[in-house]
There are 2 protein chains.
Amino acid sequence: MSNVTTNFNDRTVEYEQLLNDFKQLLKKNNLKFTIQREVILETLYNSDEHLTPEALHHLIQEKYPELNTGIATVYRTLSLLEDSHVVTSLSFGAQGKKYELGAKEHHDHLICTECGKITEFVDEEIEKRQQAITKELGFKMSDHSMQIYGICKECQEKAK
Amino acid sequence: MSNVTTNFNDRTVEYEQLLNDFKQLLKKNNLKFTIQREVILETLYNSDEHLTPEALHHLIQEKYPELNTGIATVYRTLSLLEDSHVVTSLSFGAQGKKYELGAKEHHDHLICTECGKITEFVDEEIEKRQQAITKELGFKMSDHSMQIYGICKECQEKAK
DNA sequence: ATATCTGCAAAGATTTTGCAGGATT
DNA sequence: AATCCTGCAAAATCTTTGCAGATAT
């Protein structure tokens, strides 16, 4: 099972692609390409974490203080990106929503309800079963998301 | 693989059990068993949905208006229940946190993006894989949620 | 030149907290 | 009787919105 044409394994090309898609999306909706929007996309791309709007804003303020990006712009851009399915949001036990780029390879989430840590994983078996189930029910799948909640190894040990 | 002792398949007994566990929990922490706390537990138990604090409060106000339960009590009780791992909170993309009893059988969702219909399903294969994955990573699973988005059979036919 | 964006600050929403009277142990 | 709970309302957070100047097309 190979998929040579889609997997460049080259982060620069990958980001260029993402950025281009984003520009296209904006153009199609008569929206403008601004430095703030680019910086938000880039910061999400370069983060391995699931970011809260506040954390994202903070990162941007640190890296590009001269832009003086407002938190309102972060919220507005995240909504835009979520509506367009470019990012997805998650939330767990603690408070607030967290965002991540949806363009990354598909993966599911293991979420610790004690410390909030999110671990990503991909399981071929599960992906296959999902396709089998939807096919069986005549459902045309466009997307899916899965979260497993529980307590991570570290927090279990701490509790002892 | 049988598990005769734990599966009564009798909702009344199941609820009694849950309620007893809850009472024990309260006693152990020098907390008091109040009518509001019971009603909150019961309403969560009887709901098939994942409820927001507001929705839960609304249901309770409708069913037991004479209690005049305050939203603050709902929040306080949900925190208590969540800290004790009796309920888990999660969020499905849209806004706000949603709560459900952790004791319920797992179920996944097939969501039609055209008509909004939600179909629940359980798949043994997926359940097994989830357990295998969490075990492998030393993670203690309490709950999971999975949503598959797409277009249901009926809507596909309508579109023709 | 026009339409959209942005930061700011104010408004809305959501969640938490202090307090005084009420309920449970 | 002592302790904990509750509803209420105020406070603290989190998110959205209106506006006037700035920026992208």
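Scoring rules and cut-offs
Positions within a chain are numbered from 1, following the residues in the order the chain's sequence is written. Both sets of labels track the order of writing: A upward for chains, 1 upward for ligands. For a predicted model such as this one, the threshold for reporting local features is a pLDDT of at least 70, and the threshold for listing and counting side-chain atom pairs is 80 or more; totals across whole chains, interfaces and linings nevertheless cover every residue. Heavy atoms from the whole structure form the basis of all side-chain values; hydrogens and water molecules are not counted. Labels follow the DSSP assignment, with helices taken as runs of H or I lasting at least four residues and strands as runs of E lasting at least two, numbered in each case from the N terminus. Working definition: with a 1.4 Å probe on protein chains only, accessible area under 20% of the residue-type maximum means buried, over 50% means exposed, and in between means partly exposed. When checking whether two residues touch, look at their non-hydrogen atoms; a contact exists if any pair is within 4.5 Å. Each accessible area is a Shrake-Rupley estimate made with a 1.4 Å probe; only the visible protein chains count as cover when residues are assessed. Throughout this document, a residue counts as near a molecule or strand when at least one of its heavy atoms sits within 4 Å of that molecule or strand. Polar contact is the term for a pair of N or O atoms within 3.5 Å; when the atoms are in protein, one must be able to donate a hydrogen and the other to accept it, and sequence-neighboring residues count only if both atoms are side-chain atoms. UniProt positions are given in the numbering used here, feature names are shortened, and annotations may be inferred rather than shown by experiment. Pairing of aromatic rings covers Phe, Tyr and Trp, the last through its six-membered ring, and needs centres within 6.5 Å; plane angles under 30 degrees mean stacked, over 60 mean edge-to-face, and all others mean tilted. Consider the ring centre and the ring normal. A charge sits over the ring if Lys NZ or Arg CZ is within 6 Å of that centre and within 35 degrees of that normal. Think of each axis as a best-fit line through the C-alpha atoms, taken over the contacting stretch in the case of a helix, with angles from 0 to 180 degrees between the N-to-C directions. An angle below 35 degrees is treated as roughly parallel, one above 145 as roughly antiparallel, one from 65 to 115 as roughly perpendicular, and anything else as oblique. Crossing handedness is read from the near helix: turned anticlockwise from the far helix by less than a right angle, it gives a left-handed crossing, and turned clockwise, a right-handed one. Polarity classes work like this: nonpolar for Ala, Val, Leu, Ile, Met, Phe, Trp, Tyr, Cys and Pro, charged for Asp, Glu, Lys and Arg, and polar for all others, with Gly in that last group. Salt bridges are defined as contacts in which a side-chain nitrogen from Lys or Arg sits within 4 Å of a carboxyl oxygen from Asp or Glu. Buried area: the accessible surface (1.4 Å probe) lost by two parts on joining, summed over both.

J.: Could you give me a rundown of the overall build of chain A, with the residues and numbers involved?
T.: Looking only at helices and strands, one finds 6 helices and 5 strands in chain A. In chain A, the succession of helices and strands from N to C terminus is α-α-α-α-β-β-β-β-α-β-α. The 160 residues of chain A split such that 39% are buried. Pairs at least 24 apart in sequence give 47% of the contacts found in chain A among residues at least 6 apart. For chain A, the computed accessible surface area is about 9,800 Å², with 48% contributed by carbon and sulfur atoms.

J.: Kindly report on the protein's contact with DNA strand D, identifying the contributing residues and their values.
T.: Around DNA strand D sit 19 residues in total, of which Tyr75 of chain A together with Leu31, Lys32, Thr69 and Thr73 of chain B are the nearest. Considering the 4 Å shell around the protein, atoms of DNA strand D inside it are sugar or phosphate in 76% of instances. Between DNA strand D and Gln36 of chain B, the relevant distance is 3.2 Å, taken from a sugar or linking oxygen to a side-chain nitrogen or oxygen of the residue. Contact between DNA strand D and Arg37 of chain B: a phosphate oxygen at 3.0 Å from a side-chain N or O atom of the residue. Elements that contribute at least two residues to the surface near DNA strand D include exactly helix H4 (71-83) of chain A together with helix H2 (35-46) and helix H4 (71-83) of chain B.

J.: Describe unusual backbone geometry, with residues and values.
T.: Here the phi dihedral of Asn68 of chain A falls at roughly 50°; this positive angle occurs in a residue that is not glycine. The topology assignment puts Asn68 of chain A in the loop between helix H3 (53-63) and H4.

J.: Tell me what's going on with the UniProt feature "binding site: Zn(2+)" (unreviewed entry) in chain A, and back it up with residues and numbers.
T.: The residues that UniProt annotates with the feature "binding site: Zn(2+)" (unreviewed entry) are Cys112, Cys115, Cys152 and Cys155 of chain A. Separation in sequence by 44 residues is not matched in space for these annotated residues, since their most distant C-alpha atoms are only 8.3 Å apart. Along the polypeptide, Cys152 of chain A turns up in the loop between strand S5 (140-151) and helix H6 (153-158). Judged by its relative accessible area of 5%, Cys152 of chain A is buried. Dropping the residues within four chain positions of it, Cys152 of chain A is found in contact with Cys112, Cys115 and Lys117 of chain A together with Gly138 and Phe139 of chain B. Along the chain, the position of Cys155 of chain A falls in helix H6. Taking the relative accessible area as the measure of exposure, Cys155 of chain A reaches 10% and is therefore buried. When sequence neighbours within four positions are dropped, the list of residues in contact with Cys155 of chain A reads Cys112, Glu114 and Cys115 of chain A.

J.: So what's going on with the packing of aromatic side chains? Residues and values would help.
T.: All names here are of chain A. Under the counting rule described, the total for this entry stands at 2 aromatic pairs over all chains. Ring geometry for Tyr15 versus Tyr45: centroids 5.1 Å apart, planes at 45°, classification tilted. Pair noted here: Tyr15 is in helix H1 (residues 11-28) and Tyr45 is in helix H2 (residues 35-46), with a separation of 30 residues, a long-range link. Each member of the pair, Tyr15 as well as Tyr45, carries the same accessibility label: buried. Here Lys23 stacks its cationic end above the ring of Phe33, 4.9 Å away from the centre of that ring.

J.: Account for the packing of helix H3 (residues 53-63) of chain B against H4 of chain B, naming residues and giving values.
T.: Residues and elements named next belong to chain B. Closest axis-to-axis distance for the H3/H4 pair is 10 Å, and the angle between their directions is 120°. Classified by the interaxial angle, the pair formed by H3 and H4 is oblique. Seen from above, H3 lies across H4 with right-handed handedness. Here H3 contributes Pro53, Glu54, Leu56 and His57 to the contact with H4, which in turn contributes Ile71, Val74, Tyr75 and Leu78. In terms of residue class, the contact of H3 with H4 is built from 6 nonpolar, 1 polar and 1 charged.

J.: Hey, could you go over the UniProt feature "binding site: Fe cation" (unreviewed entry) in chain A for me, with residue numbers and the actual values?
T.: Under the present numbering, the feature "binding site: Fe cation" (unreviewed entry) in UniProt falls on His106, Asp108, Glu127 and His144 of chain A. In this fold, His144 of chain A is placed in strand S5.

J.: I'd like a rundown of the pattern of salt bridges, residues and numbers included.
T.: Under the counting rule described, the total for this entry stands at 4 salt bridges over all chains. In this structure, Arg129 of chain A engages Asp123 of chain B in a salt bridge whose closest nitrogen and oxygen atoms are separated by 2.5 Å. Of this pair, Arg129 of chain A sits in helix H5 (residues 124-136) while Asp123 of chain B sits in the loop between strand S4 (118-121) and helix H5 (124-136), each in a different chain. A residue is classified by how much of its surface remains accessible, and Arg129 of chain A, at 23% relative accessible area, is partly exposed.

J.: Break down the interface of chain A and chain B for me, citing the residues and quoting the values.
T.: Of the residues lining the interface, 38 residues belong to chain A; the matching set on chain B comes to 38 residues. Of the roughly 3,200 Å² buried between chain A and chain B, counting both surfaces, carbon and sulfur atoms make up 61%. The tally of links from chain A across to chain B stands at 2 salt bridges. Between the two partners, chain A and chain B, sit 5 residue pairs in polar contact (both at pLDDT 80 or more).

J.: Explain the environment of Leu31 of chain A to me, using residue names and the numbers behind them.
T.: Relative to the assigned elements, Leu31 of chain A resides in the loop between H1 and H2. With sequence-adjacent residues up to four places away left out, Leu31 of chain A is seen in contact with Leu26, Arg37 and Leu80 of chain A.

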